[in-house]
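Spelled out from the first residue to the last, the chains are:
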Amino acid sequence: MGTSSNRVFFAEPANDSVVKSPFKVKFGVTGMEVKPAGDDSPNSGHHHVLVNLDAMPVGQAIPFSPTHIHFGKGQTEGEISLPPGTYTLTLQFADKDHISYGKGLSNTIRVIVK
């Protein structure tokens, strides 16, 4: 959990991309397995996209809100709709109970929505 070889990343969009809403997001993880929420397989979890928020501390539950987008079915891609503006998107990996693995399993990019 959270070793230096474990990481999450946005495959799409690239950092500083200009996108039109809704836009596709694709993400990946190395060193961990993507599993749906509730699956207690070891070294596994699922993705969340935090809008204009920093990584969640280790052990903190990720809330359900418009700025905490859950991909709890184990998705590795999806669509996000945001009004025009500049945003930071933080990809945060969390366990079966939406408990954050912390900054070590997060990645932040910036997008401009036209």
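Below is a summary of the structure that appears in this document. (Residues numbered from 1 in each chain as written. Predicted model: local features only at pLDDT ≥ 70, side-chain atom pairs only at ≥ 80, totals over all residues. Heavy atoms only, no water.)

**A closer look at the side chain of His-48**
Then step 1. Within the secondary structure layout, His-48 lies in strand E5 (residues 44-51).
Then step 2. Among the polar contacts made by the side chain of His-48, one reaches the side chain of His-98 at a distance of 3.3 Å.
Then step 3. Excluding its chain neighbours within four sequence positions, the residues that come into contact with His-48 are Ile-62, Ile-69, His-70, Phe-71, Thr-90, Leu-91, Gln-92, Ala-94 and His-98. (Helix = DSSP H or I, 4+ residues; strand = E, 2+ residues; numbered from the N terminus. Polar contact = N/O pair within 3.5 Å; in protein donor to acceptor, adjacent residues only side chain to side chain. Contact = heavy atoms within 4.5 Å.)

**Section: the pattern of salt bridges**
Then step 1. In this structure the tally under the stated criterion is five salt bridges.
Then step 2. Residue Glu-33 is joined to Lys-35 by a salt bridge in which the shortest nitrogen-to-oxygen separation is 3.7 Å. (Salt bridge = Lys/Arg side-chain N within 4 Å of Asp/Glu carboxyl O.)

**A few points about the sheet that holds strand E7 (residues 77-80)**
Hydrogen bonds between backbone groups are what pair the strands of a sheet, and the pairing can be parallel or antiparallel.
Then step 1. Taking strand neighbours across the sheet as the criterion, the three strands line up as E1-E3-E7 in an open arrangement whose pairing is antiparallel. For this open sheet the edge positions go to strand E1 (7-12) and E7, each flanked by a neighbour on one side alone. For this sheet, the mean angle separating the axes of adjacent strands, direction not counted, is 35°. (Pairing = 2+ DSSP bridges. Axes fitted to C-alpha atoms, helices over the stretch in contact; angles between N-to-C directions.)

**Points about the environment of Ser-5**
Then step 1. As for its position among the elements, Ser-5 is in the segment before E1.
Then step 2. Once the C-alpha coordinates of Ser-5 and His-98 are considered, the two residues, 93 residues apart in sequence, prove to be 21 Å apart.

**Details of the nonpolar core**
In globular proteins that are soluble, nonpolar side chains generally tend to be buried together.
Then step 1. Judged by nonpolar contacts, the single largest core of 22 residues is most densely connected at Phe-23, Val-49, Leu-82, Leu-89 and Val-111.
Then step 2. Beyond its immediate chain neighbours, meaning those up to four positions away, Val-111 contacts Pro-13, Ser-17, Val-19, Phe-23, Gly-85, Thr-86, Tyr-87 and Leu-89. (Core = buried A, V, L, I, M, F, W, Y, C linked by side-chain atoms within 4.5 Å. Buried < 20%, exposed > 50% of the residue type's maximum accessible area, 1.4 Å probe, protein only.)

**A few points about the pairing of strand E8 (residues 85-94)**
Then step 1. Of all 10 residues making up E8, seven are buried, and the element is well covered by its neighbours.
Then step 2. In this structure, E5 lies alongside E8, joined through six bridges in antiparallel fashion. If you follow Leu-50 over to E8, its bridge partner there is Thr-90.
Then step 3. Across eight bridges, E8 lies against strand E9 (residues 106-113) in antiparallel orientation. Among the inter-strand pairings, Gly-85 is bridged to a residue of E9, identified as Val-113.

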